[in-house]
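Listed below are the residues making up each chain.
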Amino acid sequence: MVDSYDWSFCQIQYNFMDEKNQAGTEGLRYAADNGLGIVIMEPLRGGMLTKDIPSINDIWRKATVQRSLSEWHCDGFGTIPSTVVLSGMSSFEQVQQNVAYAESV
């Protein structure tokens, strides 16, 4: 798709569970390497990745730096050039958390 037209951006479903699905990491990197702006959708898989997953959360709770589950899942998106992350929010508190995190990276 990237090579079929002179696109300016693309939108990709991307999160740690979808690294090999749809465009995945390979497609994301290919688009970025070809100068496309990247819009990432579903970084938290509709909130599913913010639920308590004991095996993963136990590891994160032991980390030196403490973050919310949303922050852990979105960590690293800021390293992809020309990227915007669409994070669904259902409360003002979530808006505040997302803004605070975006300002910190």
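In this text the structure is predicted, and so the values were computed from the model without any measurement. (Residues numbered from 1 in each chain as written. Predicted model: local features only at pLDDT ≥ 70, side-chain atom pairs only at ≥ 80, totals over all residues. Heavy atoms only, no water.)

Participant: Describe the sheet that holds strand β1 (residues 9–13), with residues and values.
Facilitator: If you trace the three strands from one edge of the open sheet to the other, you get β1-β2-β3, paired in parallel fashion. The strands lining the two open edges of the sheet, one partner per strand, are β1 and β3 (83–85). Mean inter-strand twist for the sheet, computed between neighbouring axes without regard to direction, equals 20°. Bridging between strand β2 (residues 37–41) and β3 involves three bridges; their strand directions are parallel. Following the sheet pairing, V39 is matched in β3 by V84. Packed on one face of the sheet, helix α1 (residues 24–33) meets β1 and β2 and runs near 155° to β2. (Pairing = 2+ DSSP bridges. Helix = DSSP H or I, 4+ residues; strand = E, 2+ residues; numbered from the N terminus. Axes fitted to C-alpha atoms, helices over the stretch in contact; angles between N-to-C directions. Contact = heavy atoms within 4.5 Å.)

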